[in-house]
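Chains, contacts and geometry: an overview
Single-letter residue listing:
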Amino acid sequence: MLDSSRLILRGKRQDAIFNIIGILFTLVGIVTLAILVVDLMIDGSPRLSYQFMTSFPSRRPENAGILSAWVGTLMVISVTLATAVPIGVAAAVYLEEYAPKNWVTTLIEINISNLAGVPSIIYGLMALGLLVYQFKLGRSVLVGGLTLALLVLPIVIVATREAIRSIPGSIREAAYAAGATKWQVIRYHLIPYSMGGIATGTIIAMSRAIGETAPLITIGALAYVPFLPPPPVQSTAPFVNAEWLHSGFTVLPIQMFNWVSRPQAKFHENAAATGLVLIFFTLAINGVAMYLRYRIRKNLKW
Amino acid sequence: MHTKSSLSLALLLSVGAIFGCSCNKTPAGPNNAQNSPPAVDPGLEKAAEKFADDQLAGKVLIDGSSTVFPVTEAVAEEFKGAVPKVQVTVGISGTGGGFKKFARGETDISNASRPILKAEAEAAAKEGIEFVELPVCYDALTVAVHPSCDWIKDDTITVEQLKAIWEPAAEGKIKKWNQVDPSWPDAELKLFGPGADSGTFDYFTEVICGKAKQSRGDFTASEDDNTLVQGISGDKHALGYLPYAYYEPNSAKMKALKIKKGENAVAPSAATVKDGSYPLSRPLFIYISLKSLERPEVQKFSEFYLDTITALATEVKYVPFETPLYDLVKDRLAKKKAGSMFGGEAETHQSLEEALKAAP
Amino acid sequence: MSNPLPAKIKRLRKRTAASNRQRMWRDVRERGIEGLLFMAAALSVLVTVGIVGVLLYESAQFFRHVSVVEFLTGTVWTPSFANPKFGILPLVSGTLLTTGVALAVALPVGTVVAIYLSEFAPFAVRELLKPMLELLSAVPTVVYGYFAIGFVAPMLQQVIPDLPTFSVLSAGLVMGIMIIPYVSSLSEDAMRSVPMLLREGSYALGANKIRTALGVVFPSALSGIGAAYILGVSRAIGETMIVAIAAGMQPKLTANPTEPAATMTAFIVQVSLGDAAHGSVEYQSIFATGLMLFLMTLTFNILGYILRRRFHQAY
């Protein structure tokens, strides 16, 4: 056998081994997820029903439902999404493209990744002092959404920055050479190419935001809410209102946390069912971003 | 992949549709009434009739202890059936967090698992908030061991033995059962208890060790009482204390010990807690702001609370008082007696009856 | 000399005047956009100022009652007891220990998964597995906490007989699994953005896939992978609910992961949602703890930044 064939075969063998290792390691995460979900399903799926999804909480576990909780989650997450993604992308673009490479920028960079490590409850305490008391916004959906947006902002910024940073310089230079202004380069060339990374950042950020309990309890999210916030669309003029932003609310993780600490075993079933709904919610909300990322990745070639 | 992503998109849209439709639904009671259990307490029915009011509208904001939460939630739920237009909401920021919001006038009622402290009352007074302090029910503490624990005579443990096990001096020293009582086995003492920040911990240490928060530090502490159940029922040599509400549904997995203080050994039960013979039961409170009481919905809710608490407390596994005690409490509400009976201390040494009668 | 300007020059001047105006407006717009973007970036600084402000203010009041020396060097942490002791070292060791266990799981697994997904897996497999892994970060941390006590701890007890229900090991393992998507997703993004040119050059020299991945792609993507690692570590240090539920609440200075321990974050959540009076020394201790945590992550992030600068590659 020639030396080169031996080398090639050895190379192929190494590849095959790593293939297996890679799949195994990936399975570690996925199998754990599967066990978790199956665990939840065994405990909770009997409880999943139309009644469960459309009832308010109650002291009787059979009657209790998560209506106010999932509506609250949807509202809070939409505020978070609408705030964190634009601000995060804007901040990342500034830091990557405009900011001069001096110590101020370095400070901001370090600062941002540091913020990702601050425990969520500190954000809650800060939001309580600042948004609820200073700005007098009350314990409302708006404050909840903003608190979570501040919490996940570093994730969006870091992911977007890495995405922009990885675009080859040749693309930028070609655009400049054709006479584009800085903003035109960013808007028509850089952002579209980094949408994949932005989507990843958004996915991880929203996943984190949906599951947060402690900061929302601190700013005054409720655990018993027997009504829904006023709807944003109404049949009388002006047809759209922002009342819902100022309403009290509860979210799915708080409801789950509340139920799982009760002594009655039936509440634990409710909690498991809530966990399932929560995971499903995250998948739905992330589904759009994942779809976007898939389409963009398909077209990306360099 | 297209089908998968399209599916997620479709799901998202349908979720949004449900959201849009349900927003227009009025928050009526019928949803819950569909599955009501057949037996309704006659006391509750009477109270619902007495307080029924279709017209009264308003908001009642409640926050505070997560221990008192189940009781207040139950009352709020029943209240909604009687007075549907009043929106009662309840938060779980903790006794301390609840008092903070209460002192700023942001909540009407504060749930508390301990009396208000002097500093908290002063903070409220600074903002012009005066309050009525109402004890509402008992939360009993159970000392429990593994069901196979057969070496404790008569399943009775004395207060002195408990003190020997749990006092600060025992830390690092009392590690085995037979160090407390020579007739007990030579096996490791596995201790379980609630975290140092809970009212249960405060109360137990106050009664057993003499002063609140004085305890050994080397036991398995848990934030969540459910995991205490798991811990005690999972180890043959375990001993722990936890609220009665968590012992009762799990009584097959644990054995409750009778507590001997002085002459009698008393087992924990609703009856012994009610008549005061069981030494380890602490009162739970609600604090109502006098300014809020001027609003009819808050006044009505508070009266409804005291009327229905006897039936509802049992449902959520707490122990209601005897009726004469409730008469004293209702009297306190009616006269709007401001201030705390406990002088700003967290310890409730004297009996409730004495405290209620003594107040001016 | 008063030559009337020829028409051609007049036209030229008008045209340049017009395009000068256009250019001026465009500059204004560019500046405006830059300003807006700057404000977005400045927001993160404002958030930090807000957080540090709150932490410093309350900690200042705390340190009036407790000496800094006792805080930093004491080995007993019992702020809720009648004789409170405020030595933060047990909490610090709890945090470091749980983070260490979590990273021992998340970093290797995350990196291997990232390499596999970006270099080896076929397109369909990758697009299927990546969202599934990202679901791991979607599970609420409360669920993870109970999973750790209810499933992981008993499972570990089969292997390590004396393991208590609450331990750093079970909390750390579950936390590690939760962090895998942070590490793997961002690393994979970074690796996939490495231009094909570099890979093709490596293949052309006869390297196999794994050689290319480890020798060419991984080093080129080091900046992004480093960012992913740092995010993962920050997340591990700041995790609250999993450790509050599964690691036990016993502040203990220990290096043994099979024991229960309390972390700084678990302590903060325990007190702020508990029965302590707001404004008491016990309550203020959570801000002092938060400040300590903040400084720890800051030090670590600065280190990480310096290391990344050394290895940054531009292409």
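Residues numbered from 1 in each chain as written. Chains lettered and ligands numbered in written order. Predicted model: local features only at pLDDT ≥ 70, side-chain atom pairs only at ≥ 80, totals over all residues.

**Quick word on the overall build of chain B**
Which entries qualify depends on this criterion: Each helix corresponds to a stretch of at least 4 residues labelled H or I by DSSP, and each strand to a stretch of at least 2 residues labelled E; elements are numbered beginning at the N terminus. Each residue is classed by its C-beta neighbour count within 10 Å, where at least 20 other C-beta atoms makes it buried, 12 or fewer makes it exposed, and intermediate counts make it partly exposed; the C-beta atoms are placed from backbone geometry. Contact definition: two residues whose C-beta atoms, as placed from backbone geometry, lie within 7 Å.
Each helix and strand in chain B was counted, giving 15 helices and 12 strands. For chain B, buried positions account for 47% of its 360 residues. A sequence separation of at least 24 residues applies to 74% of the contacts in chain B between residues at least 6 apart.

**Description of unusual backbone geometry**
Residue and element names in this part refer to chain B. The phi dihedral of D154 falls on the positive side, at around 60°, and the residue is not glycine. Structurally, D154 is set in the loop between β4 (131-145) and β5 (156-158). At K336, a residue that is not glycine, the phi angle is positive and equals roughly 55°. For K336, the position within the fold is in the loop between α14 (323-335) and α15 (352-358). The class for K336 is partly exposed, based on 14 C-beta atoms found within 10 Å.

**Topic: the interface of chain B and chain C**
Defined as follows: When residue character is reported, Ala, Val, Leu, Ile, Met, Phe, Trp, Tyr, Cys and Pro are called nonpolar, Asp, Glu, Lys and Arg charged, and the others, Gly included, polar.
Between chain B and chain C, the contact holds 34 residues from the first and 26 residues from the second. When contributions to the side of chain B that touches chain C are tallied by element, the ones reaching two or more residues are α5 (94-103), α6 (118-126), β7 (220-222) and α9 (225-233) of chain B. A breakdown of the residues in the side of chain B that touches chain C according to their chemical character gives seven nonpolar, 19 polar and eight charged.

**Things to note about the domain arrangement of chain B**
All names here are of chain B. The criterion, for reference: Domain start and stop points were drawn from an automatic or database domain assignment.
Assigned domains of chain B: these are domain 1 (42-138 + 283-358) and domain 2 (140-281). Relative to domain 2, the C-alpha centre of domain 1 lies at a distance of 30 Å. In this complex, domain 1 contributes 13 residues to the contact, which on the side of domain 2 involves 12 residues. Classifying every residue of the side of domain 1 that touches domain 2 gives five nonpolar, four polar and four charged.

**Some remarks on helix α8 (residues 182-210) of chain A**
An α-helical turn contains 3.6 residues, so any two residues separated by three or four positions project in the same direction. In plain terms, the rule: What a helix should span is 1.5 Å times the count of its residues minus one. At every residue, the bend is computed as the angle between two fitted axes, covering the seven residues ending there and the seven beginning there respectively.
An ideal rise of 1.5 Å per residue puts 42 Å on 29 residues; α8 of chain A reaches only 36 Å between its terminal C-alpha atoms. Along its length, α8 of chain A reaches its greatest deviation from straightness, about 50°, at M195 of chain A.

**Regarding the pairing of strand β6 (residues 190-194) of chain B**
All names here are of chain B. Just so we agree on the cut-off: Whether two strands pair depends on DSSP finding at least two bridges between them.
Of all the five residues making up β6, five are buried; the element is thus mostly covered by neighbouring parts of the structure. Here β6 shows two buried faces, one formed by K190, F192 and P194 and the other by L191 and G193. Here three bridges tie β6 to strand β8 (residues 238-243), and the two strands are oriented parallel to one another. Across the sheet, F192 pairs through a bridge with G240, a residue of β8.

**Some details on the sheet that holds β5 of chain B**
Residue and element names in this part refer to chain B. To keep it simple, the criterion reads: Where helices are involved, their axes are fitted lines through C-alpha atoms of the stretch in contact, as for all axes, and angles between N-to-C directions lie from 0 to 180°.
The three strands are arranged β5-β10-β11 in an open sheet whose pairing can be described as mixed. Each edge of the open sheet carries a strand with a single partner, namely β5 and β11 (264-266). Across the sheet, the axes of successive neighbouring strands diverge by a mean angle of 30°, strand direction being ignored. Sitting on the sheet, helix α7 (residues 159-166) touches β5 and β10 (258-261), and the angle it makes with β5 is about 70°.

**Comments concerning the pairing of strand β1 (residues 58-64) of chain B**
It is a general feature of regular strands that their side chains alternate between the two faces of the sheet. Residue and element names in this part refer to chain B. Put simply, the test is: A clockwise path from the first strand over the helix to the second, with the strands pointing away from the viewer, defines a right-handed crossover.
Counting buried positions over the seven residues of β1 gives five, a clear majority of the element. Pairing of β1 with strand β2 (residues 86-91), which is carried by five bridges, proceeds in the parallel orientation. If you follow L61 over to β2, its bridge partner there is T89. Where the polypeptide runs from β1 across helix α4 (residues 69-82) and back to β2, its parallel neighbour, the crossover connection is right-handed. Pairing geometry for β1 and strand β3 (residues 109-112), over three bridges, is parallel. By the bridge assignment for β3, G64 is matched with N111.

**Quick look at helix α4 (residues 123-135) of chain C**
In a regular helix each residue adds 1.5 Å, so 13 residues correspond to 18 Å; α4 of chain C covers 19 Å between its end C-alpha atoms and thus fits that length. Those residues of α4 of chain C not exposed but buried are L129, K130, P131, L133, E134 and L135 of chain C. Each element contacted by the buried residues of α4 of chain C is listed here: α1 (3-44), α8 and α11 (265-299) of chain A together with α3 (89-120) and α6 (168-192) of chain C.

**Comments concerning the interface of chain A and chain C**
With 85 residues of chain A at the contact, the number on the chain C side is 79 residues. No other element matches α1 of chain A, which puts 19 residues into the side of chain A that touches chain C. Here the residues of the side of chain A that touches chain C are counted per class, giving 52 nonpolar, 25 polar and eight charged.

**Some words on the packing of α4 of chain B against helix α13 (residues 296-315) of chain B**
Residues and elements named next belong to chain B. Inclusion rule: Note: crossing handedness is left-handed where the near helix turns anticlockwise from the far helix by less than a right angle, and right-handed where it turns clockwise.
Where α4 contacts α13, the axes come no closer than 9 Å and their chain directions differ by 115°. In the crossing of α4 with α13, the sense of the turn from one axis to the other is right-handed. Facing α4, whose interface residues are V71, A74, V75, E78 and F79, α13 presents F301, F304, Y305, T308, I309, L312, A313 and E315. For the contact of α4 with α13, the class distribution of residues is 10 nonpolar, one polar and two charged.

**Section: the packing of helix α1 (residues 7-65) of chain C against helix α12 (residues 281-311) of chain C**
All names here are of chain C. How we decide: If an angle is under 35 degrees, it is roughly parallel; if it is over 145, roughly antiparallel; if it lies from 65 to 115, roughly perpendicular; otherwise it is oblique.
Relative to each other, α1 and α12 sit at 120°, their axes nearing to 8 Å. The orientation of α1 with respect to α12, classified from their angle, is oblique. Judged by the sense of rotation from one axis to the other, the crossing of α1 with α12 is left-handed. Of α12, the residues touching α1 (which contributes L55, L56, E58, S59, Q61, F62, F63 and H65) are V281, Q284, S285, F287, A288, G290, L291 and F294. Looking at the contact of α1 with α12 residue by residue, the class counts come to nine nonpolar, six polar and one charged.

**Focus on the environment of F321 of chain B**
All names here are of chain B. Tracing the backbone through its elements, the reader meets F321 in the loop between α13 and α14. C-alpha separation for the pair F321 and A82, spaced 239 residues apart in sequence, amounts to 24 Å. Apart from the residues within four sequence positions on either side, F321 is in contact with C137, Y138, K274 and Y326.

**What to know about the environment of V105 of chain C**
Residue and element names in this part refer to chain C. In this structure, V105 sits in helix α3. We classify V105 as buried; it has 21 C-beta atoms within 10 Å. As for V105 and L89, which are separated by 16 residues in sequence, their C-alpha atoms are 24 Å apart. If near-sequence neighbours (up to four positions away) are discounted, V105 is found in contact with L173, G176 and I177.

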